[in-house]
Amino acid sequence: MQKIKYPSVYCADQLLTFSGLDGRTDYATMLTLVSRAERFSYCAVLPHCGGTVRLPDTGAAVVIGNDFADFGSSRMLLADAWNLLIVGDAGIEGFDPSRYTVIRKPGRALVGVNGYCRPELLDADGDALYREKEREFEALRSYPVETDDADTREAAARAWEVLRACIYTPEEKFVGFWATPDRWPHRACWIMDSVYQSIGMRHILPDVAQDMVCALFDHQQPDGRVPMTASPQGVLRAQIQQPVIAMGVKATGIRGPRLRTIYPKLAAYLEWIFRHRDQDGDGMLEWLMGGGYPVCPCGESGMDNSPRFDERNPLAAVDINCLVSRECEIMAEFAAELGLSRDEQRLWNDRHQNLNRLIETYLWNEELGIYCDMDIAEERLLPVSAVSGFLPLICGAASLKRAARMVELINDPAAFGSPYPLPSVSLSDPKFQMDMWRGPVWYIFNYHVAEGLERYGYRADAERIRRKTVEISIRNCREYGGFFEFYDPYGEIPPGRIDRKGPNKQDLGGYHHAVHDYGWSASVFLDMLYKTAGR
């Protein structure tokens with residue numbers, strides 16, 4: 001078998017940043033650069049925007065890691081979280097001297113963050129530093145499949161580089177390793193991303209994966225709420241997000257004393273949701289509507305601009321009910337494993353079964369053949385056929401007959417059986433649109449649906465979704481150099497060109513086009529690569 005190699009495709013929006021797996025990081029001060037469309041040009045975005053490094057394009061083969069880039073005649077190497085060593089010719093301009101220190105000598109340069117700059121690095125052995133990074137990479141990575149296919153090897157390498165770039169070291173309120181979606185533009189710690197990224201990380205560094213999930217409790221509030229977003233200094237967004245933490249605890253293998261410590265925190269978190277996300281007291285749960293700005297009517301769901309939320313009315317939402325149902329099911333398993341009372345086990349089982357009953361009774365849309373959200377004021381199902389409607393498969397709420405109906409929809413090329421599965425909205429839905437959650441493919445729902453199909457015995461269908469997701473990833477790594485937030489279900493529009501909450505804008509902010517080097521896409525790819533390889 002040939003050796004796995006580093007990624008070799010340069011494109012816009014790739015991140016150059018230091019991983020907490022290699023040394024200390026700092027949320028507020030560490031240096032991060034983003035590649036631009038112009039080869040080979042990088043712009044500093046953290047800790048302050050501005051400043052560009054341009055290296056000559058000799059046409060040589062490139063080698064790109066999360067914290068270094070080798071372009072043949074010139075190299076960029078992050079010696080630590082604050083200092084960029086450039087070996088070879090480079091154009092350096094625009095760095096604010098009140099923020100950055102730039103030191104030059106013939107054939108070398110150093111860009112350092114003020115207060116952390118280490119001038120002695122200018123004379124460091126660049127080759128030795130490069131070899132050290134290779135050794136670190138080889139020591140930490142683990143790959144899911146033995147293959148001689150170069151594209152698969154390179155996609156696996158890129159996925160690992162993306163994942164490791166998301167890791168911070170312990171800092172202030174975070175007592176262990178913690179993760180961010182993409183280091184730029186999101187930066188902070190989010191519930192969904194921490195859990196979904198742990199799914200891939202568990203195959204490589206299981207202890208780090210467990211830390212990523214446990215970090216979510218470092219900001220848990222006295223009333224049990226776990227906030228959507230937090231930094232080392234405190235809570236940034238007080239809303240909740242998809243309730244998937246128990247899923248992450250189970251998936252990453254947290255057991256024994258650590259599970260016993262986490263269990264009451266999980267219980268308090270879910271109790272908060274039951275108290276605060278059932279507005280009408282009917283037993284079904286609703287998201288808190290509103291995301292702070294017009295293009296994000298439901299940030300809590302994670303499906304920010306989905307047409308499910310266009311009317312902005314309170315909904316008994318399919319996803320929150322199914323996700324909480326599965327969390328309760330897992331909690332019952334944990335209670336049994338920890339030897340807790342039968343009453344405790346029964347509490348979670350009863351909640352799981354009750355939510356399943358309500359989902360099955362009220363949220364099935366017979367005409368569309370999928371589960372839909374209910375407007376709780378008007379007691380009517382919204383006729384939006386979204387990928388969230390398949391989530392009753394993951395918690396066991398769907399009857400066998402209805403599961404079969406949904407499998408037909410999943411495989412229908414006019415609905416969800418697109419060349420790249422699964423569109424976030426059915427291709428035949430009047431509200432389908434190539435904009436973020438209004439149509440494009442998101443890997444986390446491919447993950448959930450594949451898991452749900454397996455639960456119901458549709459293993460071939462689950463395998464097809466995983467295999468196609470792996471193929472999407474390998475193709476896009478080959479053509480565009482990495483992993484993105486979302487993809488065209490037809491496989492035609494380059495992912496970086498799809499609209500994101502409005503018309504696509506190729507700006508460094510990253511909020512109006514699919515974010516590149518996106519952690520959970522890389523994570524789900526690695527997990528599915530393991531599974532399709534039979535491991």
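It should be noted that the structure appears before, not after, this text.
These numbers come from a predicted model, not from an experiment.

K.L.:
If you had to explain the overall build of the chain to someone new, which residues and values would you point to?
P.N.:
A tally of regular secondary structure across the chain gives 13 helices and 21 strands. For the chain, whose C-alpha radius of gyration is 23 Å, the value lies close to the compact-globule estimate of 24 Å for 535 residues. Overall, the C-alpha framework of the chain stretches about 75 × 50 × 45 Å when taken along its three principal axes. Going through the 535 residues of the chain one by one, you find that 62% of them count as buried. Considering only intrachain contacts with a sequence separation of at least 6, the fraction spanning at least 24 residues in the chain is 63%. About 18800 Å² of surface is accessible on the chain, with carbon and sulfur atoms providing 50% of the total.

K.L.:
Just give me the short version of the sheet that holds strand E21 (residues 380-381), but keep the residues and values in it.
P.N.:
Spatial ordering of the open sheet is given by E17-E20-E21, a layout of three strands whose pairing is antiparallel. Two strands lie at the open edges of the sheet, namely strand E17 (315-316) and E21, each paired on one side alone. By the bridge criterion, two bridges tie E17 to strand E20 (residues 374-375) in an arrangement that is antiparallel. Residue pairing for E20: Ala 316 is matched across the bridge by Met 374.

K.L.:
An account of the sheet that holds strand E1 (residues 15-17) is needed here, citing residue identities and associated values.
P.N.:
Taken in spatial order, the five strands line up as E1-E2-E3-E4-E9 in an open sheet, and their pairing is antiparallel. Two strands close off the open sheet at either side, each with one partner strand: E1 and strand E9 (91-93). When strand polarity is set aside, the average angle formed by the axes of neighbouring strands in this sheet is 25°. Taken together, the three bridges between strand E4 (residues 52-54) and E9 define a ladder with antiparallel strand orientation. Considered in E9, the bridge of Val 53 is made with Ile 92.

K.L.:
Break down the side chain of Asn 356 for me, citing the residues and quoting the values.
P.N.:
Residue position: Asn 356 is located in helix H8 (residues 342-362). Its relative accessible area of 7% is what places Asn 356 among the buried residues. Once residues lying within four places of it in the same chain are set aside, the contact partners of Asn 356 are Ser 325, Cys 395, Gly 396 and Ala 397.

K.L.:
Provide a residue-level description of the pattern of salt bridges, including the pertinent values.
P.N.:
Going through the model one piece at a time under the given rule, you end up with 38 salt bridges. The closest approach of N and O atoms between Arg 164 and Asp 22, which form a salt bridge, is 3.0 Å. Of this pair, Arg 164 sits in helix H2 (residues 150-165) while Asp 22 sits in the loop between E1 and strand E2 (32-35), placing them 142 residues apart in sequence. What makes Arg 164 buried here is its relative accessible area of 3%. Accessibility expressed as a relative area gives 19% for Asp 22, which makes it buried. Across the pair Arg 54 and Glu 93 runs a salt bridge whose closest N-O atoms are separated by 2.6 Å.

K.L.:
Run through the pairing of strand E16 (residues 234-237), naming residues and quoting values.
P.N.:
Of the pairings in the sheet, the one linking strand E15 (residues 229-231) to E16 comprises three bridges and is antiparallel in character. Of the residues in E16, the one forming a bridge with Ser 231 is Gly 234.

K.L.:
Tell me about helix H13 (residues 519-532), and name the residues and values.
P.N.:
The end-to-end C-alpha distance of H13, which contains 14 residues, comes to 20 Å, matching closely the 20 Å that a straight helix rising 1.5 Å per residue would cover. Among the 14 residues of H13, 12 are classified as buried, and the element is accordingly described as predominantly covered. Of all the positions in H13, only Gly 519, Trp 520, Ser 521, Ala 522, Ser 523, Val 524, Phe 525, Leu 526, Asp 527, Met 528, Leu 529 and Tyr 530 are classed as buried. Structurally, H13 contributes buried residues whose contacts are with H2, helix H3 (191-201), helix H11 (443-455) and helix H12 (459-480).

K.L.:
If you had to explain the side chain of Gln 14 to someone new, which residues and values would you point to?
P.N.:
Mapped onto the elements, Gln 14 comes out in the segment before E1. Within the structure, the side chain of Gln 14 is placed 2.8 Å from the backbone oxygen of Val 9, a separation counted as a polar contact.

K.L.:
Account for the nonpolar core, with residues named and values stated.
P.N.:
Counting residues in each nonpolar core, the largest one holds 175 residues, and the members touching the most others are Phe 71, Leu 84, Ile 245 and Phe 390. The element that contributes the greatest number of residues to this core is helix H7 (residues 318-337), accounting for 11 residues. Counting residues in hydrophobic clusters, the runner-up holds five residues, among them Leu 15, Val 34, Val 45 and Leu 46.

K.L.:
For the environment of Phe 390, give the residues involved together with the corresponding values.
P.N.:
As for its placement among the helices and strands, Phe 390 is situated in the loop between E21 and helix H9 (392-395). Look at Phe 390 and you get buried, because its relative accessible area is 1%. Phe 390 sits 72 residues away from Val 318 along the chain, and the two C-alpha atoms are 8.7 Å apart.

Cut-offs and rules
Residues numbered from 1 in each chain as written. Predicted model: local features only at pLDDT ≥ 70, side-chain atom pairs only at ≥ 80, totals over all residues. Heavy atoms only, no water. Helix = DSSP H or I, 4+ residues; strand = E, 2+ residues; numbered from the N terminus. Rg over C-alpha atoms; globule rule 2.2 N^0.38 Å. Buried < 20%, exposed > 50% of the residue type's maximum accessible area, 1.4 Å probe, protein only. Contact = heavy atoms within 4.5 Å. Areas by Shrake-Rupley, 256 points an atom, 1.4 Å probe, with all protein chains shown as cover. Pairing = 2+ DSSP bridges. Axes fitted to C-alpha atoms, helices over the stretch in contact; angles between N-to-C directions. Salt bridge = Lys/Arg side-chain N within 4 Å of Asp/Glu carboxyl O. Expected span 1.5 Å × (residues − 1). Polar contact = N/O pair within 3.5 Å; in protein donor to acceptor, adjacent residues only side chain to side chain. Core = buried A, V, L, I, M, F, W, Y, C linked by side-chain atoms within 4.5 Å.

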